[in-house]
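Report on the structure
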Amino acid sequence: MSARPATDRPATGPVRPRRPRSKKALREQALAVDALLAEAWPDARCELDFTTPLELLVATVLSAQTTDKRVNQVTPVLFDRYRDAAAYASAPREELEEILRPLGFYRAKTASLQGLSAALVAEHGGEVPGTLEQLVRLPGVGRKTANVVLGNAFGVPGITVDTHVGRLARRLGWTKEKDPVKVEQAIAELLPKEEWTMACHRLIFHGRRVCHSRRPACGACVLAELCPSYGEGETDPDKARGLVTVV
DNA sequence: ATCCCGAGGG
DNA sequence: CCCTCTGGAT
């Protein structure tokens, strides 16, 4: 009858796909998402500069609420001056604070770094341990930091749930949970282990550049047709709580 | 103003 | 659950 084939897609853009129902369908969606992000962000990687597990651990602890770029500006002098955990632990507090000041939270970060280093010396002979349980037990090291170190310095698959990964996982329909551990478990069930580390880097890149917390750029998103949240650009599910922000 | 790959403490 | 720690870029 109609010359134009029936379609459920309006001319304005992709229709929001139905949330995948089965675990199998969700897994397929997640795999497709990861593949598209791998194409979109071939350079996704850990952007902190480091050469050893200790350097990455230190850089990651310092990266809280700061850009990686800024961390990379202070770590050369830091890594040059302090070569091992004992050096951080015994350094004069003011000296460290001076170096870390541009990062923000510099007093807290100095205390954290020195406490962490003291624990490394006392409990691990100054070496950075290579398991999640041991890393998380260190003061100042949370699950996110531990997984960064595992994934990027030890080559152990790690799921890094930061603000971006959590937000994207929820928007993509992978979970409704806010608890990072539950988000981590959801991702673990959806993506093959060997993809975990890089998949998180891609999600983070995508979150920073396209799928922003506020006003995500759905029109420029390669995941549009796979995303159950497509077009919810005016609503921030993390913060709006049902309110629609003014465009 | 808002954002930046958080963690610990109350 | 909330709050705090903190500074620089955009």
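What counts and what doesn't
Residues numbered from 1 in each chain as written. Chains lettered and ligands numbered in written order. Predicted model: local features only at pLDDT ≥ 70, side-chain atom pairs only at ≥ 80, totals over all residues. Heavy atoms only, no water. Helix = DSSP H or I, 4+ residues; strand = E, 2+ residues; numbered from the N terminus. Buried < 20%, exposed > 50% of the residue type's maximum accessible area, 1.4 Å probe, protein only. Contact = heavy atoms within 4.5 Å. Areas by Shrake-Rupley, 256 points an atom, 1.4 Å probe, with all protein chains shown as cover. 1 Å grid on protein atoms, 1.4 Å probe; cavity = no way out; pocket = protein on both sides within 12 Å on 5 of 7 lines; lining within 4 Å. Points joined across faces, edges and corners; volume = space filled by probe spheres on them. Nonpolar A, V, L, I, M, F, W, Y, C, P; charged D, E, K, R; others polar. Near = heavy atom within 4 Å. Polar contact = N/O pair within 3.5 Å; in protein donor to acceptor, adjacent residues only side chain to side chain. UniProt positions renumbered as here; feature names shortened; annotations may be inferred.

1. Observations concerning the overall build of chain A
When helices and strands are counted, chain A shows 11 helices and zero strands. Along chain A, from the amino end to the carboxyl end, the secondary structure elements read α-α-α-α-α-α-α-α-α-α-α. With 247 residues in all, chain A has 45% of them scored as buried. For chain A, the proportion of contacts with a sequence separation of at least 24, taken over those separated by at least 6, is 60%. Split by element, the accessible area of chain A, about 13400 Å² in all, is 53% carbon and sulfur.

2. Considerations on unusual backbone geometry
Of all residues except glycine, most have a negative phi; of all peptide bonds, most are trans. For Phe 105, which is not glycine, the phi dihedral falls at a positive 55°. The class for Phe 105 is exposed, based on a relative accessible area of 54%. Backbone geometry places Arg 215, a non-glycine residue, at a positive phi of 50°. As for its position among the elements, Arg 215 is in the segment after helix H11 (196-209).

3. Observations concerning the layout of surface pockets
Of the pockets and cavities examined, the largest pocket occupies roughly 710 Å³. Around the largest pocket, the lining is made up of 24 residues, and of these Asp 68, Lys 144, Asp 162, Ile 204 and Arg 208 lie nearest the centre. Put simply, the parts of the chain that give the lining of the largest pocket at least two residues each are helix H3 (68-81), helix H8 (143-153), helix H9 (163-171) and H11. Tallying contributions element by element places H11 first for the lining of the largest pocket, with four residues. Here the residues of the lining of the largest pocket are counted per class, giving seven nonpolar, 10 polar and seven charged.

4. So, H8
Here H8 has its buried residues at Thr 145, Ala 146, Asn 147, Val 148, Val 149, Leu 150 and Gly 151. Along its buried surface, H8 packs onto helix H2 (53-62), helix H7 (132-137), helix H10 (180-190) and H11. Downstream of H8 by one or two residues, Gly 155 has phi in the positive range, about 70°.

5. Some remarks on the protein's contact with DNA strand B
Around DNA strand B sit 24 residues in total, of which Gly 140, Lys 144, Thr 145, Arg 208 and Arg 214 are the nearest. Near the protein, within 4 Å, the atoms of DNA strand B are sugar or phosphate in 64% of cases. In the model, a phosphate oxygen of DNA strand B is placed 3.2 Å from a nitrogen or oxygen of the Arg 214 side chain.

6. Describing the side chain of Thr 175
One can find Thr 175 in the loop between H9 and H10. Polar contacts involving the side chain of Thr 175 include one to the main-chain amide nitrogen of Glu 177, which spans 3.0 Å.

7. So, the environment of Thr 52
Checked against the element boundaries, Thr 52 lands in the loop between helix H1 (23-40) and H2. Taking relative accessible area as the criterion, Thr 52 reaches 31% and is therefore assigned partly exposed. Sequence separation between Thr 52 and Asp 80 is 28 residues; the distance between their C-alpha atoms is 13 Å.

8. Brief notes about the UniProt feature "domain: HhH-GPD" (unreviewed entry) in chain A
Listed under "domain: HhH-GPD" (unreviewed entry) in the UniProt record, and renumbered for this structure, are residues 62-209. A helix fraction of 67% and a strand fraction of 0% characterise residues 62-209, whose end C-alpha atoms lie 22 Å from each other.

9. A few points about the UniProt feature "binding site: [4Fe-4S] cluster" (unreviewed entry) in chain A
Per the UniProt record, the feature "binding site: [4Fe-4S] cluster" (unreviewed entry) sits at Cys 211, Cys 218, Cys 221 and Cys 227. With the annotated positions falling across 17 residues, the maximum pairwise C-alpha distance of 11.0 Å places them together in a single cluster. Checked against the lining of the largest cavity, the annotated residues just named reduce to Cys 211, Cys 218, Cys 221 and Cys 227. Along the chain, Cys 218 falls in the segment after H11.

10. Concerning the protein's contact with DNA strand C
If you check the shell around DNA strand C, you find Gln 65, Arg 70, Arg 101, Pro 102, Gly 104, Phe 105, Tyr 106, Arg 107 and Ala 108 and nothing else. The sugar-phosphate backbone supplies 57% of the atoms of DNA strand C found within 4 Å of the protein. Residue Gln 65 places a main-chain N or O atom 3.3 Å away from a base nitrogen belonging to DNA strand C. A distance of 3.0 Å is found between a sugar or linking oxygen of DNA strand C and a side-chain nitrogen or oxygen belonging to Arg 70. Counting residues per element, the surface near DNA strand C draws most heavily on helix H6 (residues 106-124), which supplies three residues. The class makeup of the residues in the surface near DNA strand C is four nonpolar, two polar and three charged.

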